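Results of the structural survey
What follows is the residue order along each chain.
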Amino acid sequence: MQSETPKKIFSSLLVIILDVNPAQDTLLSGEIKLSSILSSVVAFANSHLMLRTHNKVAVLASDPNSCDFIYSDQDELDFKKKTVSSCKMGGSQYELFSHIDRSIKFNIVKFLKDAAEEPHMSRDTVFGASCAKALCYINRLQSNLFPGETMNSRILIISGCDNEGDKYIRCMNTFFTAQKQNVAIDVCSLTHDVTLLKQACYITEGSYFRMPKLEGLLLYLQWIFLTEPSSRKKLVIPLAPQLDFRPFCFCHGTLTAIGFVCSLCLTIYCKISPICTTCEAVFKVRSAIAVKPKKKKIKTTTVNN
């Protein structure tokens, strides 16, 4: 008897990195509340799950000091163990969707309480650590796939911060790692244009969008980021903004066109430095070679007798 070929299963994994930094202008000004952003994120995550049966979603909260998952595959496994039927309805809402809503809102409150106890809050969100944690999560799920199962993975960052040069090397390392893993990084900026996140979208062939208005966040998320990056070419979506390819210097955190790069850790400086502040490497600065002055020839005069 011929062995049956395994059925091909296509799925899509979406990891949402939600910036909950309390120093964001969107939260400080009071134009939009965190609860409103969470409601839009939950509705967007449910929309992604409705596109295909085997789709998966994970939500990761990030602030200046830490990052952690507020919804992952472990929460989904706990839900499947508790429910007898996957088609069970809770009122007028699908039970899995209400479970995601409860889990995200419960875990985000716990995350914010733990973050409030940590001192030295800054305006710079740890995007590098968040993307690294998301990539490790994606790699773990891809390694556990069954034969014949394929999964497309991507990351969506929702942020209202304006930090530029925080941990530049760490962020760039994670962006190039995502490129090697074929993981697209999308960015939805609520207020500011962040050059670092623009470079992440360019490197990984993702989409970058800055919201013109804070109202209608769910509409913009579904319009631009709900479809796969390979299918967006067939849709009418906003064009990619102009990108500034200049790097950030580590001494001042500003963009520089001409800089000095450490040969060991690739740290960039706008001015020459004898010691690298990142890896403490000592550079040997070659001094200019002294040019010996030419000896003047002494003219001899002959006296005729």
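Residues numbered from 1 in each chain as written. Predicted model: local features only at pLDDT ≥ 70, side-chain atom pairs only at ≥ 80, totals over all residues. Heavy atoms only, no water.

Examining the overall build of the chain
The test is simple: A run of DSSP states H or I qualifies as a helix once it reaches four residues; a run of E qualifies as a strand once it reaches two. Both are numbered from the N-terminal end. Relative accessibility thresholds used throughout: buried, under 20% of the residue-type maximum; exposed, over 50%; partly exposed, between the two (1.4 Å probe, protein chains only). For this analysis, residues touch if any pair of their heavy atoms sits within 4.5 Å. Note on areas: Shrake-Rupley with a 1.4 Å probe; residue coverage comes only from the protein chains shown.
Within the chain one finds eight helices and ten strands. A total of 305 residues make up the chain; the buried ones form 43% of that total. Contacts in the chain between residues at least 24 apart in sequence constitute 66% of all its contacts with a sequence separation of at least 6. Accessible surface for the chain amounts to roughly 18800 Å². Of this, 57% is attributable to carbon and sulfur atoms.

Brief notes about the sheet that holds strand 1 (residues 9–19)
Strands in a sheet are paired, the pairing made by backbone hydrogen bonds, and the direction either parallel or antiparallel. We apply this condition: For two strands to pair, DSSP has to find at least two bridges joining them. Geometry is summarised by axes, namely lines fitted to C-alpha atoms with helices restricted to the contacting stretch, and by angles between N-to-C directions that run from 0 to 180 degrees.
Within the open sheet, the six strands sit side by side as 3-2-1-6-7-8. Their pairing is mixed. Two strands lie at the open edges of the sheet, namely strand 3 (67–71) and strand 8 (208–210), each paired on one side alone. Ignoring strand direction, the axes of neighbouring strands in this sheet form an average angle of 20°. Contacting strand 2 (56–62) and strand 3, helix 4 (residues 95–116) crosses the sheet at an angle of about 150° to strand 3.

A word on the pattern of salt bridges
Between side chains of opposite charge, pairing is possible as soon as their charged atoms come close. What counts here: Put simply, a salt bridge is a Lys or Arg side-chain nitrogen that is within 4 Å of an Asp or Glu carboxyl oxygen.
A full pass over the atoms with the stated rule returns eight salt bridges. A salt bridge links Lys133 to Asp68, with the nearest nitrogen and oxygen atoms 3.6 Å apart. Residue Lys133 is located in helix 5 (residues 127–143), and its partner Asp68 is located in strand 3; the two are separated by 65 residues in the primary sequence. With relative accessibility at 37%, the residue Asp68 sits in the partly exposed group. One salt bridge in this structure joins Glu228 and Arg154, with 3.7 Å as the shortest N-O distance. Note that Glu228 is positioned in the loop between helix 8 (217–225) and strand 9 (260–261) and Arg154 in strand 6 (residues 149–159), a separation of 74 residues in sequence. Each of the salt bridges in this network shares a partner with another, and the network as a whole consists of Arg154, Asp186, Glu228 and Arg232.

Some remarks on the confidence of the model for the chain
To keep it simple, the criterion reads: Confidence scores labelled pLDDT are given residue by residue by the predictor and lie between 0 and 100.
When pLDDT is averaged across the chain, the result is 81; 81% of the residues are at 70 or more. Within the chain, the element-level pLDDT minimum falls on strand 4 (residues 89–90), averaging 50, and the maximum on strand 7 (residues 184–189), averaging 94.

Looking at the packing of aromatic side chains
In plain terms, the rule: Planes of paired rings set the category: under 30 degrees apart is stacked, over 60 is edge-to-face and the rest tilted, where pairs are Phe, Tyr or Trp rings (Trp by its six-membered ring) whose centres lie within 6.5 Å.
Scanning all chains against the criterion turns up three aromatic pairs. A ring pair is formed by Phe69 and Tyr137, whose centres lie 4.9 Å apart and whose planes are at 40°; its orientation type is tilted. With Phe69 in strand 3 and Tyr137 in helix 5, the pair connects residues that are 68 residues apart, well separated along the chain. Like Tyr137, Phe69 is buried. The interplanar angle of 40° and the centroid separation of 6.3 Å between the aromatic rings of Tyr220 and Trp223 together place this pair among those described as tilted. Within this pair, Tyr220 and its partner Trp223 are both found in helix 8, separated by three residues, close to a single helical turn. Residue classification places Trp223 among the partly exposed positions, given a relative accessible area of 39%.

Things to note about the pairing of strand 1
The element strand 1 is extensively covered by neighbouring structure, given that nine of its eleven residues are classed as buried. With ten bridges connecting them, strand 1 and strand 6 associate as parallel partners. Paired with Leu14 across the two strands is Arg154, which belongs to strand 6. Bridge count between strand 1 and strand 2: seven bridges; the pairing is parallel.

Brief notes about unusual backbone geometry
For Asn182, which is not glycine, the phi torsion reads 60° and is therefore positive. Within the secondary structure layout, Asn182 lies in the loop between helix 6 (168–180) and strand 7. For Asn182, a relative accessible area of 69% gives the class exposed. If you check the backbone angles, Glu205 has positive phi at about 60° while not being a glycine. Assignment of secondary structure puts Glu205 in the loop between helix 7 (195–204) and strand 8.

Overview of the environment of Phe283
Topologically, Phe283 is positioned in the segment after strand 10 (268–269). With 20 residues separating them along the chain, Phe283 and Ser263 place their C-alpha atoms 9.4 Å apart. Those residues in contact with Phe283, other than ones at most four positions away along the chain, are Cys262, Ser273, Pro274, Ile275 and Cys276.

Focus: the environment of Asp19
How we decide: Two N or O atoms count as a polar contact when they lie within 3.5 Å, although within protein this holds only if one can serve as hydrogen donor and the other as acceptor, and sequence-adjacent residues are included solely when both atoms are side-chain atoms.
Of note, Asp19 is situated in strand 1. Exposure remark for Asp19: the relative accessible area of 5% places this residue in the buried category. Along the sequence, Asp19 and Ala61 sit 42 residues apart, while their C-alpha atoms lie 6.1 Å from each other. For Asp19, the residues in contact, after removing those within four places along its chain, are Gln24, Ser62, Thr125, Phe127, Ile158, Ser159, Gly160 and Cys161. Polar contacts involving the side chain of Asp19 include one to the main-chain amide nitrogen of Asn21, which spans 3.1 Å.

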